[in-house]
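Given next are the chains, with one letter for each unit.
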Amino acid sequence: MKIICEKHKLINSINIVLKAISSKTTMPILECLIIEVSSDTIKLIANDLEIGIETILEGNIIETGTIALNAKMFFDIIRKLSDSDITIESDENYKTTILSDKAKFTIYGLSGDDFPYLPDIEKKEPLTLSQFSLKEIIRQTVFSISDSDNSKIMSGLLFEINDNKLKVVSLDGHRISIRNLELKSNYSSIKVIVPGKTLIEISKILSGEVEDEVQIFFTDKHILFEFNQTIVLSRLIEGEYFNISQMFSGDYETKININKKEMLSCIDRSTLLVKETDKQPIVFDVSDNKIKFKMNTSIGSMKDEIDINKSGKDMLIGFNPKFLLDALRVIDDETIDIYLINPKAPCFIKDEKESYIYLILPVNINADIY
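Predicted model only: the values in this text are computed from it and were never measured. Numbering of residues starts from 1 in every chain and runs along the sequence as written. With the structure being a predicted model, the display of local features is reserved for residues of pLDDT at least 70 and the display and counting of side-chain atom pairs for 80 or more, all residues being used for whole-chain, interface and lining totals. Excluded from the side-chain calculation are hydrogens and water; included are all heavy atoms of the structure.

### Overview of the sheet that holds strand β6 (residues 65–70)
Definition in use: For two strands to pair, DSSP has to find at least two bridges joining them. Secondary structure elements follow DSSP: runs of H or I of four or more residues count as helices, runs of E of two or more count as strands, with numbering from the N terminus. Working convention: axes come from line fits to C-alpha atoms, limited for helices to the stretch in contact. Angles between N-to-C directions cover 0 to 180 degrees. The contact rule is simple, with two residues in contact once any of their heavy atoms fall within 4.5 Å.
Pairing is antiparallel in the open sheet, where eight strands are placed in the order β6-β2-β3-β4-β15-β14-β13-β10. In this open sheet, the two strands that pair with only one neighbour each are β6 and β10 (127–130). The sheet shows a mean angle of 20° between the axes of neighbouring strands, direction not considered. As paired elements, strand β4 (residues 51–57) and strand β15 (residues 230–235) share five bridges and run antiparallel to each other. Paired with T55 across the bridge in β15 is T230. Those strands touched by helix α1 (residues 7–17) are β2 (32–37), β3 (42–47), β4 and β15, and its axis lies near 165° from that of β4. Those strands touched by helix α3 (residues 131–139) are β10, β13 (213–218) and β14 (222–227), and its axis lies near 85° from that of β10.

### Details of the sheet that holds strand β19 (residues 301–307)
Two pairing modes exist for strands in a sheet, parallel and antiparallel, and in both the strands are linked by backbone hydrogen bonds. Ordered in space as β19-β18-β17-β21, the four strands form an open sheet in which the pairing is antiparallel. Because the sheet does not close on itself, it has two edges, and the strands there are β19 and β21 (315–319). The sheet shows a mean angle of 20° between the axes of neighbouring strands, direction not considered. Alignment of strand β17 (residues 282–287) against β21, held across five bridges, turns out to be antiparallel. Directly across from V286, in β21, lies its bridge partner M315. Running over the sheet, helix α5 (residues 260–270) touches β17, β18 (290–296) and β19 and is turned about 175° from β19. Sheet contacts for helix α6 (residues 321–330): β17, β18 and β21; angle to β17, the most-contacted strand, approximately 75°.

As structure tokens, then:
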């Protein structure tokens, strides 16, 4: 095998497949990326058995062949070379020579015979989205998956399609994030759970441009994303997603319209008084047309106030400030609507079209000290 390519193109391709390199494995082949050279294509491939990535590298093909190279070592060598063309050549004993300008490295690879190549899946009825839309959907939901090993289901996001509606849901037991998107076409009904890790890694690769598209294919066990000469294939999480419909009600006692930036800044300031080990709530004292924000911790206390438009009852309610900050940071609207039912029930942050809905459970507070 022998190829010649530009450094920046090689770096970009390695960066893409590195996201599917296993960091914890006893199998050396899973620490490798594959360079597969055919008569007209150079592919870089990686697979950690949960997520697999293939991407096409532009370059000059001198000789076809396949080599498996330790991904981290290969990347570290390439990124430290000068910005000239790079020649990569391997022989029948898997000895690989890397040349750039006056630098020469020789490393030993593996055959790739034991490498778990991505399975071929039937591509039918792709869901087509702009890369901007998919990147935004991920950004606005993935933060509320669970990072605990106790629930595999909570580590994934529900993708549900009905006709021309796409709903993406994430939850961790304390909050729920929902994004609803109207599609340009009608699709067959689909309901799958996609690993959060997969979506996080895809988000890093997506261009985020409105003009660029991504095609998504679904099977019983896999989801495949195809874009920019790159394929990302992931196993789906098996199981039944949680029925969250009973948690949503049109009834509320209090509705608040508030400037998002002011609220975000206020809550962010309050966290200056919170140690990592603390779980002190931020308290909303809603009365008249203002919210008084209150925080008491072992370090000190804070009070702040923001004018609002309010309809309904006054209320005293407490929340984990982190959960509020996470939601507020991904909402792009200038003002937001918050719906409160009672101090023991979840609050809802949503827009009129319900393109986004964030449900956050309150925390118990001692009303006497506030």
